[in-house]
Amino acid sequence: QQQALLQRCMKPFLRGMIGGVLVQLRLDAEETRGMSIGQNLPSMMSLTPDLGTLLVSVGGVQREAPMSSVRWVRPPADDASQRSWFSPNERNQMVVL
């Protein structure tokens, strides 16, 4: 029964990821030249049909990342010393790779 529930959840997720999803790619301040704060870039992420490669498209440029190179996926850290770049309704919808 748990496997059936997992499949019911994973199938739409994988279909969506193979088709591509719009995301905000976050560049931290140290990755942006001349800016004291980070920057969000509208991006498209998708998976190849064999699920082996993550495709990241930003501004007409596409990069490939083997899924084996992804070390972890985690929600954003709560850091009271910095202003959060997530709006309250995005806190449970976005992850940081």
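Our structure is the block above this text.
This section reports on the structure supplied with the text. Owing to the predicted nature of the structure, the values given are computational and were not obtained by experimental measurement.

**Focus: the pairing of strand 4 (residues 61-66)**
Turning to step 1, where the next piece is worked out: As defined by bridge partners, strand 3 (residues 53-58) adjoins strand 4 across 6 bridges and the pair is classed as antiparallel. Across the sheet, Leu54 pairs through a bridge with Ala65, a residue of strand 4.

**Examining the sheet that holds strand 4**
Turning to step 1, where the next piece is worked out: Taken in spatial order, the 4 strands make up an open sheet running 1-2-3-4, and their pairing is antiparallel. Of all the strands in the sheet, the pair left with one neighbour each is strand 1 (21-27) and strand 4. Averaged over all neighbouring strand pairs, the angle between strand axes comes to 35 degrees, with direction disregarded.
Turning to step 2, where the next piece is worked out: Pairing geometry for strand 1 and strand 2 (residues 39-47), over 7 bridges, is antiparallel. Each bridged residue has a counterpart across the sheet, and for Val23 the counterpart in strand 2 is Ser43.
Turning to step 3, where the next piece is worked out: Across the sheet, helix 1 (residues 2-19) is in contact with strand 1, strand 2 and strand 3; its angle to strand 2 comes to roughly 110 degrees.

Conventions used here
Residues numbered from 1 in each chain as written. Predicted model: local features only at pLDDT ≥ 70, side-chain atom pairs only at ≥ 80, totals over all residues. Heavy atoms only, no water. Pairing = 2+ DSSP bridges. Helix = DSSP H or I, 4+ residues; strand = E, 2+ residues; numbered from the N terminus. Axes fitted to C-alpha atoms, helices over the stretch in contact; angles between N-to-C directions. Contact = heavy atoms within 4.5 Å.

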